[in-house]
Structure formats: C-alpha cells, structure tokens
Amino acid sequence: MIWVLIWAAVIWVGGAFGGLSVTRRWQLTALLGAVVLLSHLVLPEDAQIRQALGGSFASWAVLFAVIALGALYGRGLAWLKARAPKVPVAETDDGPFSETELNRYARHIVLREIGGPGQVALKHARVLVVGAGGLGSPVLLYLAAAGVGTIGVIDDDVVDNSNLQRQVIHRDADIGTPKVFSAEAAMRSQNPAITVRPYNRRLTADIAEELIGDYDLVLEGTDNLETRYLVNRVAAKLGVPMIGGALSQWEGQVSTFDPASGAPCYQCIFPEAPAPGLAPNCSEAGVVGPLPGIIGSIMATEAIKEITGAGKGLRGRMLIYDAMYAETRVIRTFRRDGCPCCA
Ligand SMILES: [Zn+2]
C-alpha cells in the first residue's frame, strides 16, 4: 500500500513541481492503477511485488474506480462550463450603458447571437428609415425599442385619419401633424436613450447622397416608386445596404439589397417601374391593417441582424408573405447583367 501512495505522491506532487499537466498526471495515475490491478491479476499470490503492494484485487479495483469516477465528474463539469453560452458583461460604471439601459436590453444581451457586443453595435448604429407610414411605423418603434443609437426618419406627409387603421406609431391626436414629428415623439417616449433625427421633407435626388451617406443602413418602406428607385440607386452607389419592404393588399415582401457585397439591387429585380396605374398603391388598392406590422417587423429584425451580424440575412433572397393564405415563401434573387443601377 505504502508504495502505491509514494508513487501517487511522486506523480501529483513531483508532477506539479516538474510542470506536468493535470491531464498527464491523470494518465500516469491511470497507468499506476493498471499496473497494480494487473499485478494482482497475473502474478502468483506469493510474488514479492504483490506482497509489497498489499490489499486484494477487489479492494484496489474499488479504490481506483472511485478515483476514476471523481475525475470523470470533474472533467464533465469543466466540459459543461466550457460549452455554456458566454454572456458578455456589457456593463460597468464606465461602460457604454447605464443601469437602466442594461436592464432594458437584458433580453437582447442574454441572446448569444447579440449579447453585450451586439447591443453596443446597436447603440453605435445609424439607421435611416425612409417613410414613416405603414412599414415605417413598426420599423421605427422596434428600432427605437431595440436601442439603435441614431435613427433618421424622412417623410413629407402629415398624419391623416385614414392612416390610423395601420400606421400604429401615430395617434388620433396626431392628425394634421407631420408624420416625422409624430413618429419622433412616439419613439422618444418609447426610448429616451436614443437619438431621433426627423427630416420633414421628401427625399429628393439633390439631398439623397448627403443624407444616405450619413448612415450605415437604410430601410426603405415608402409606397412611392420614384423614391424607392432613388434610394436604391444612391444606396448602391455609396455601398450602403438597403432593406426594402413592399406591400399590396394581402401580400408583402422583404429583401436586403446590397450590390457592394455581390447581392442584387432593387433594380436588378425590378428593372423598371410599372406604368402608372398598373401598380396601385395602398390608398387605391387597400391593405389589411396588420400586414405592414408583420412586414415592418421583419424589416426591423433584419436590421438588427445586419447590425449585430446575427444569423443569415436576406441578401440575394426575397421573403414573400401571403396573408390571405397564411403562406410564406423565400425566393432566390440574382444580379442582372446590364442593371442600370449596379452593373
Ligand atoms: Zn442592380
């Protein structure tokens, strides 16, 4: 017995001094166990080594089994610990978030794909939303709630009674108010920690480059085709990704247009605007109230993914939601040779 203890001490104490890794020391311990057990198994009972070791095969087997179980348990715990999702601590007193913000974004921070770094990226992000109507409503509210640090919103419209069936960022009392100011008030009251930049004007070619160039990401959700083609053209030129959403009656679509990364632009897929009258807008054709909420929420989700790098976005893919039949499809989209915008 004493010899086994001496060898064990040599392995563990001597190994520690000699710089042997814990794994190597466990391997040597296992070897020692094997030698002891084997000598009991194969040597005759009166052999000198067996006499020196003492004990019986069964007592040594039980002892080494207990030691092995203890070692396995420790290893299992270490393995589980290594696999547990790391929750980055975004906050200290001098970090980017106040206690209130940390608490507000806690459900993001615990998501492994967002975490503390993702929430910091959201805080530093600058997102321009074109249109504060049906799609703009959920987009602006969710981006504000998500803690996107700087949100620009451009629209030249005022809130109308007929908007309120679906444009949930505006209230009855806002009728007659410019939409960007009504949206700004709603976003600020939702999340006072963000910066909102309202532009109460139409997005025109003379300001588009300067404006879009000021942002990392554009979300386009107007039902004005001229504006959509303009935003697409300028965003493609500046290399700013554009998440575009569109609606008609019961159907909506979302895609990320980003020719700078090899994905098609809007004009690759829709080379020309349809003739006037062939693509009626919401006021002419109607739209079911929650549909912009669904499509706009998908846009906001894609924006959060884009900023934080989570998951797989909609570059080169278009998600189509058919509310009438409760069906969703995703189609592949491709660059078009000779696209007047990005070729
Ligand atoms: Zn193109």
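Our structure's up above, just so we're on the same page.
A quick note: this is a predicted structure, and the numbers were derived from the prediction, not measured.

Reading guide: rules and limits
Residues numbered from 1 in each chain as written. Predicted model: local features only at pLDDT ≥ 70, side-chain atom pairs only at ≥ 80, totals over all residues. Heavy atoms only, no water. 1 Å grid on protein atoms, 1.4 Å probe; cavity = no way out; pocket = protein on both sides within 12 Å on 5 of 7 lines; lining within 4 Å. Points joined across faces, edges and corners; volume = space filled by probe spheres on them. Helix = DSSP H or I, 4+ residues; strand = E, 2+ residues; numbered from the N terminus. Nonpolar A, V, L, I, M, F, W, Y, C, P; charged D, E, K, R; others polar. Donors = N, O, S within 2.8 Å, 3.2 Å for Na, K, Ca; no water. Tetrahedral: all angles 85-135°; square planar, octahedral: opposite > 155°, others 65-115°. Buried < 20%, exposed > 50% of the residue type's maximum accessible area, 1.4 Å probe, protein only. Patch = residues over 30% accessible without salt bridge, like charges linked within 9 Å, V, L, I, M, F, W, Y side chains within 5 Å. Areas by Shrake-Rupley, 256 points an atom, 1.4 Å probe, with all protein chains shown as cover. Salt bridge = Lys/Arg side-chain N within 4 Å of Asp/Glu carboxyl O. Pairing = 2+ DSSP bridges. Axes fitted to C-alpha atoms, helices over the stretch in contact; angles between N-to-C directions.

Trainee: Just to check I follow, could you spell out the layout of surface pockets for this structure?
Mentor: Its volume calculated, the largest pocket comes out at about 630 Å³. Of all the secondary-structure elements, those providing two or more residues to the lining of the largest pocket are helix H11 (225-238), strand S5 (242-248) and helix H13 (282-285). Of the residues assigned to the lining of the largest pocket, the class counts are 9 nonpolar, 12 polar and 10 charged. By volume, the second largest pocket is sized at about 520 Å³. Lining the second largest pocket we find 23 residues, and of these Leu-225, Arg-228, Leu-247, Ala-279 and Pro-280 sit closest to its centre. Considering only residue class, the lining of the second largest pocket consists of 14 nonpolar, 5 polar and 4 charged.

Trainee: Please clarify how the coordination of the zinc ion should be interpreted in this entry.
Mentor: Tetrahedral coordination by four donors places them ideally at 109.5 degrees to one another around the metal; octahedral coordination by six donors ideally gives 90 or 180 degrees. Within the protein, the atoms that donate to the zinc ion are Cys-265 (SG), Cys-268 (SG), Cys-339 (SG) and Cys-342 (SG), at distances of 2.2 to 2.3 Å. Angles of 94 to 116° at the metal separate the 4 donor atoms of the zinc ion, which places the site in the tetrahedral class. Going along the chain, you hit the donors of the zinc ion in the pattern C-x2-C-x70-C-x2-C. Across this residue pair, the class does not change: Cys-265 and Cys-268 are buried.

Trainee: It is not clear to me how empty space enclosed by the protein should be interpreted in this structure. Could you clarify?
Mentor: Across all of its chains, the model carries 1 cavity of 30 Å³ or more by this definition. Within this model, the largest cavity holds a volume of roughly 40 Å³. Lining the largest cavity, in full, are Arg-228, Gly-244, Gly-245, Ala-246, Gln-253, Val-254, Ser-255, Phe-257, Tyr-266 and Met-318. Listing elements by their share of the lining of the largest cavity, those giving two or more residues are S5 and strand S6 (251-257). At 4 residues, the largest contribution of residues to the lining of the largest cavity is made by S6.

Trainee: Please explain a nonpolar patch on the surface as it appears in this structure.
Mentor: Taken together, the side chains of Met-1, Ile-2, Trp-3, Leu-5, Ile-6, Trp-7 and Val-10 make up a nonpolar region of the molecular surface, amounting to roughly 750 Å² of accessible area. The topology assignment puts Ile-2 in helix H1 (residues 2-18). Ile-2 gets classed as exposed once you look at its relative accessible area, which sits at 53%.

Trainee: I tried to follow the sheet that holds strand S3 (residues 195-199) on my own but got confused; where do I start?
Mentor: In a beta sheet, neighbouring strands pair by backbone hydrogen bonds and run either parallel or antiparallel. The 8 strands are arranged S3-S2-S1-S4-S5-S6-S7-S8 in an open sheet whose pairing can be described as mixed. Across the chains shown, the open sheet's two edge strands, defined by having one partner strand only, are S3 and strand S8 (327-332). Adjacent strand axes in the sheet meet at a mean angle of 15°, parallel and antiparallel pairs treated alike.

Trainee: Is there a simple way to think about helix H8 (residues 136-146) in this case?
Mentor: Every α-helix winds through 3.6 residues per turn, so residues three or four apart in the chain are directed the same way. Within H8, 8 of the 11 residues are buried, which leaves it mostly tucked inside the rest of the structure. For H8, the set of buried residues is Gly-136, Ser-137, Pro-138, Val-139, Leu-140, Leu-143, Ala-144 and Ala-146. Gly-147 sits one or two residues past H8 and shows a positive phi near 90°.

Trainee: Would you take a moment to explain unusual backbone geometry for this structure?
Mentor: Keep in mind that most residues, glycine aside, have a negative phi and that most peptide bonds are trans. Backbone geometry at Gln-249 places phi at a positive 55°, although glycine is not the residue there. Tracing the sequence through the fold places Gln-249 in the loop between S5 and S6. Phi at Ala-326 is positive, roughly 50°, even though this residue is not glycine. Examined against the element boundaries, Ala-326 turns out to sit in the loop between strand S7 (317-322) and S8.

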